[in-house]
Amino acid sequence: MISIIGIGPSPKDITLRALESIEKAEVVIGYKKYIDSIEDLLNGKEVIKKGMGDEIARVEMAIQKHLDGKQVALISSGDPGIFGMANVFFQLAGKYSGVQFEIIPGVTAANYGASLLGAPLHDFALISLSDILTPLSEIKRKIKHAALGGMVIALYNPISKTRKSPFREAIKILMNTINPATTVGFVKSSSQPPQITVTTLENLEEDQIDMSTIIIIGNSTTYVENGHMITPRGYVVKQPIHPLSKEFYEKFLNGESIDGPNRSCEYYPCHHHPQNCTFCYCPFYPCGDTSTGGHWIKDKGVWSCQDCEWIHHDATVKCIMEKLPEILDDVEDLKKKKKDLLKLRRECIFKTSQIK
Ligand code: SF4
């Protein structure tokens, strides 16, 4: 049997299944740096270390040793299926008969980096910027379409000493496709402990990045809270409907509410001028999502919308009004259909975000 084993980003992140497979192996084959990182697990085993770029030789050797009757561990960093050894293994395995194998998944850089940054991954694309095997035109196309689709993007292999243009091209495309103020996080594993940075697309500097950096580009809903990068999913936070909101939506459903700016209100403008007051009380309250400016008032359990201007923009109101009547028949629907309401909110955030 050949076990193609993902050892994750560091020995501390190795899975139990990977450990057991390494323990069972008689021969362990891998890139020198990765083998050295698990040296203490390899006592009494035949160890074959190879250089970078020797992937084909590593797989051929693993198959040969296996066909000689050995239990083989073929080591991959991260996860073998994500820019790892599984792909090259399948390219060659068909040449031989009787090859038995298993793939042991590992923690890939995207979820390792995400765990240090917060919770940035929600519908995401993994794209390697290495143009050694993939044409740059293909990489650029994928970045553009992933960004246009509102995907969070994890960029692997962003830069090397001799390969900088894919990174520069990627940033140029992203700057022209999404809001330059989009939240970006990166984790640099070459520093110990790993360097964790949360910034914005427009402030992402080339000299902050190296080959061992995983970069996560957020989407238009990604926000930063207490230094953590979060892309919300939109879970329903249960809360009774406030009596004033109830009163407001009773009038709204009777067609008695105000459209646009309410200049006769003594609090106008409570956010910006001119502001759209159609949703003086937000149908999504409490959204629990700081991406539009709301926040929890700590220790009071109260959600504050004081800094959310989004709900008062004409484009937002237009988008909400297109679908709200389908959801809201009764004031109680503000509670009962909260999931649908939050989906509408999300749809409108994407529609009103500055995708060029
Ligand atoms: S006003 Fe803004 S922050 Fe407040 S609940 Fe509505 S969308 Fe969320």
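Whatever comes next refers back to the structure up there.
Below: a short report on this structure. Keep in mind that what you see is a predicted model, and the values were worked out from it rather than measured. (Residues numbered from 1 in each chain as written. Predicted model: local features only at pLDDT ≥ 70, side-chain atom pairs only at ≥ 80, totals over all residues.)

Section: the environment of aspartate 79
Now for step 1: With respect to the helices and strands, aspartate 79 occurs in the loop between β4 (72–76) and α4 (85–93).
Now for step 2: On a C-alpha basis, the gap between aspartate 79 and leucine 126 in space is 12 Å, while along the polypeptide they are 47 residues apart.
Now for step 3: Sequence-distant contacts of aspartate 79, that is, excluding residues within four places in its chain, are made with Gly6, Gly84, Pro105, Gly106, Val107 and Thr108. (Helix = DSSP H or I, 4+ residues; strand = E, 2+ residues; numbered from the N terminus. Contact = placed C-beta atoms within 7 Å.)

Considerations on the packing of helix α9 (residues 314–327) against helix α11 (residues 338–352)
Now for step 1: Closest axis-to-axis distance for the α9/α11 pair is 9 Å, and the angle between their directions is 150°. With respect to each other, α9 and α11 are oriented roughly antiparallel. When the axes of α9 and α11 are compared, the crossing they make is right-handed. Where α9 abuts α11, its residues Ala315, Thr316, Cys319, Ile320, Lys323, Leu324 and Ile327 lie against Asp340, Leu341, Leu344, Cys348, Lys351 and Thr352.
Now for step 2: Here the residues of the contact of α9 with α11 are counted per class, giving 8 nonpolar, 2 polar and 3 charged. (Axes fitted to C-alpha atoms, helices over the stretch in contact; angles between N-to-C directions. Parallel < 35°, antiparallel > 145°, perpendicular 65-115°, else oblique. Left-handed = near helix turned anticlockwise from the far one by under 90°. Nonpolar A, V, L, I, M, F, W, Y, C, P; charged D, E, K, R; others polar.)

Remarks on unusual backbone geometry
Residues apart from glycine generally show negative phi values, whereas peptide bonds are mostly found in trans.
Now for step 1: Omega for the peptide link from glutamine 192 to proline 193 comes to -5°, which places this bond in the cis form.
Now for step 2: With respect to the secondary-structure elements, proline 193 resides in the loop between β9 (183–188) and β10 (195–200).
Now for step 3: Backbone geometry places phenylalanine 83, a non-glycine residue, at a positive phi of 55°.
Now for step 4: The class for phenylalanine 83 is buried, based on 20 C-beta atoms found within 10 Å.
Now for step 5: With a phi close to 45°, asparagine 157 is a non-glycine residue in the positive phi region. (Buried ≥ 20, exposed ≤ 12 C-beta atoms within 10 Å, placed from the backbone.)

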